[in-house]
Amino acid sequence: MHDLLQSSAWPALKARRDALLGTDLRTLFRTDPERARRMQASACGITLDYSKNLLCAESLALLLRLAAEADLPARTAALFAGAHLNATEDRAVLHMALRAPPGREWMVDGVDIAAEVHAVRRRMRAFAERLRDGTWLGHGGNPITDVVNIGIGGSDLGPAMVCEALRDQAHPRLRMHFVSNVDGVQIGDVLRGCRPETTLFIVASKTFTTQETLANARAARAWLIHHAGSAEAVARHFVAVSTSAAAVAAFGIDPANMFGFWDWVGGRFSLWSAIGLPIMVAIGPERFDALLAGAHAMDEHFRSAPLAANLPVLMALCGIWNVNFLELPSQLIAPYHQRLHRLPAYLQQLDMESNGKSVRLDGSAVPCPTSPILWGEQGINGQHAYFQLLHQGTQKVAVDFIGVLEPGRADEGLHRIAFANLVAQAEALMRGRTAAEAEGEMRAAGLPEERIRELLPHRVFGGNRPSNVLLLERLDPRTLGALIAAYEHRTFVQGAIWGVNSFDQWGVELGKQLAARVLDELDPATPAVASEAHDGSTRGLIERYRAQLAC
Ligand code: F6P
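Definitions and cut-offs
Residues numbered from 1 in each chain as written. Predicted model: local features only at pLDDT ≥ 70, side-chain atom pairs only at ≥ 80, totals over all residues. Heavy atoms only, no water. Axes fitted to C-alpha atoms, helices over the stretch in contact; angles between N-to-C directions. Helix = DSSP H or I, 4+ residues; strand = E, 2+ residues; numbered from the N terminus. Parallel < 35°, antiparallel > 145°, perpendicular 65-115°, else oblique. Left-handed = near helix turned anticlockwise from the far one by under 90°. Contact = heavy atoms within 4.5 Å. Nonpolar A, V, L, I, M, F, W, Y, C, P; charged D, E, K, R; others polar. Disulfide = S-S within 2.5 Å. Buried < 20%, exposed > 50% of the residue type's maximum accessible area, 1.4 Å probe, protein only.

Trainee: Give a description of the packing of helix H5 (residues 72-80) against helix H22 (residues 477-498) that names residues and reports values.
Mentor: With their axes 10 Å apart at the nearest point, H5 and H22 run at an angle of 125° to one another. By the angle class used here, H5 and H22 are oblique. Considering how the two elements wind past one another, H5 and H22 form a crossing that is right-handed. Counting all contacts with H5, which are made through Leu 72, Arg 75, Thr 76, Leu 79 and Phe 80, the residues of H22 involved are His 489, Phe 492, Val 493 and Ala 496. When the residues that make up the contact of H5 with H22 are grouped by side-chain class, the tally is 6 nonpolar, 2 polar and 1 charged.

Trainee: Requested: an account of the state of the cysteines, with residues and values cited.
Mentor: According to the stated counting rule, one finds 0 disulfides in the structure shown. You can see Cys 163 has no disulfide; the closest cysteine sulfur is in Cys 194, sitting 15 Å from it. Cys 163 gets classed as buried once you look at its relative accessible area, which sits at 8%. Of all cysteine sulfurs, the one in Cys 318 lies closest to Cys 368, which takes part in no disulfide; the gap is 17 Å. A relative accessible area of 12% means that Cys 368 is categorised as buried.

Trainee: An account of the side chain of His 415 is needed here, citing residue identities and associated values.
Mentor: You can see His 415 is positioned in helix H19 (residues 412-431). Other than its neighbours up to four places away in sequence, His 415 contacts Val 404, Leu 405, Glu 406 and Pro 407.

Trainee: Explain the environment of Ile 452 residue by residue, including any values.
Mentor: When you line up the elements, Ile 452 lands in helix H21 (residues 449-459). When the C-alpha atoms of Ile 452 and Leu 317 are compared, they prove to be 42 Å apart, with 135 residues separating the residues in sequence. Contacts of Ile 452, omitting those with residues within four sequence positions, involve Glu 439, Met 442, Arg 443 and Leu 447.

Trainee: Describe the packing of helix H7 (residues 114-133) against helix H14 (residues 285-304), naming the residues involved and giving the relevant values.
Mentor: Put simply, H7 and H14 touch, their axes get as near as 10 Å, and they point 140° apart. Judged by the inter-axis angle, H7 sits oblique to H14. Facing H7, whose interface residues are Arg 121, Met 124, Arg 125, Glu 129 and Arg 132, H14 presents Pro 285, Glu 286, Phe 288, Asp 289 and Leu 292. Partitioning the contact of H7 with H14 into residue classes produces 4 nonpolar, no polar and 6 charged.

Below you can see the structure in the form of structure tokens.
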């Protein structure tokens, strides 16, 4: 496997970085009037403006060389050909097959999977249409009004994010709910607002072994049976989405009410599969198809566009530059559209669960930082909370600003205010405000000289802080599908360059194992926790909980 630090591009990039640290973005824009025009890429209704990164033509060329030295084109070809890129789980990675139109072969281990993909989609469509037209009836003969998706991680975040993003196009009768937290509060809130006879539960779990999901599903089933007075109601009110028919049957859901998918679909890449059932129910099969078509268009762009004009590749290379060369440890996602407020949470799993790794595919240590800490929320709220740190804090943060050009149903005047803020924040981070500018402004405002001297250090902004702007022509299923696929491929490209397996998640295992053991120990009926079983802190927490149960 390629040795990142030994690649010819790596030391050359470091040298470029050192040279660029002697200049700033203001200067780069001033000395190159073509910069903004050159540092843009467009595909599938999305324009990426990456000119506000501290990059020059030479560093960009070197980043492209780094990608070539990491064998990116070959790895991309292997991805689409169904190679087992998820080596630690010995699995192909083919979520792209889920969004391809019929008529194309997708081979996994010598088998064409396309027919199965479309067969499941047809069943999803038939079911979604019955829910939507009111012909799927609950046990008492009533149409469904509330759909509750019970799932977590990839079985929650994608559908929840997309349903929220496209809720202006959602079915007017069907109310969508998402339950992931196992603390009892979330499901309690949802169930209090639902009527058992008109509520349908989708239990979504790739493995169907996830503790939180199964516990919530059991609670929902008990609630239904309690109100319906019979376990027979389950068949009309529960469907499952999973790769494991056996586990679904063991739980007590008829496999006839199950929508399957496959081990070559990673959880965090699964919203295109039956995991997307809540999306299809909410926005309808045609719009779900449009979501898939947008993602497919981005797949085609990604696999065929030259690297230098390839939107996901450029997003990935800007990220590599910021993390590995400018040493920025975090990445803010700032969507300037209320409907995209769940996007940062979705991208957290996509990026941090995929590339939050310190071991390469060959088992050796990664010699550089990998996934940044990705965070954020809707940008306007962020401005009035943590943007102070972005502008004047001691840590620099890379930002992805995401904006939508068409206002959709929103009042254009208000939409324009949000857009103005996006543009202004990206500009402010880039430009900053020099001491001379700050002094000039204060003098113009008539402040006394002594006050100007006192305030000056506080009113200077260093600027030179990098950001991307991603502009969507409109927020519709097609463009949203393309945006999500662009981020997926960005994650893949970065993982390929770092040499990590972006498709496993062993780091989540230990906590799950320990939680199962602690759960037993919290039961006051079990013997007190042995002193050698845990450290003092852990034991103390367990004892505290047991003590309050005993009161
Ligand atoms: O714990 C992490 C994880 O395994 C994610 O990768 C996955 O999306 C989530 O849990 C849910 O898993 P499942 O769909 O199998 O319930």
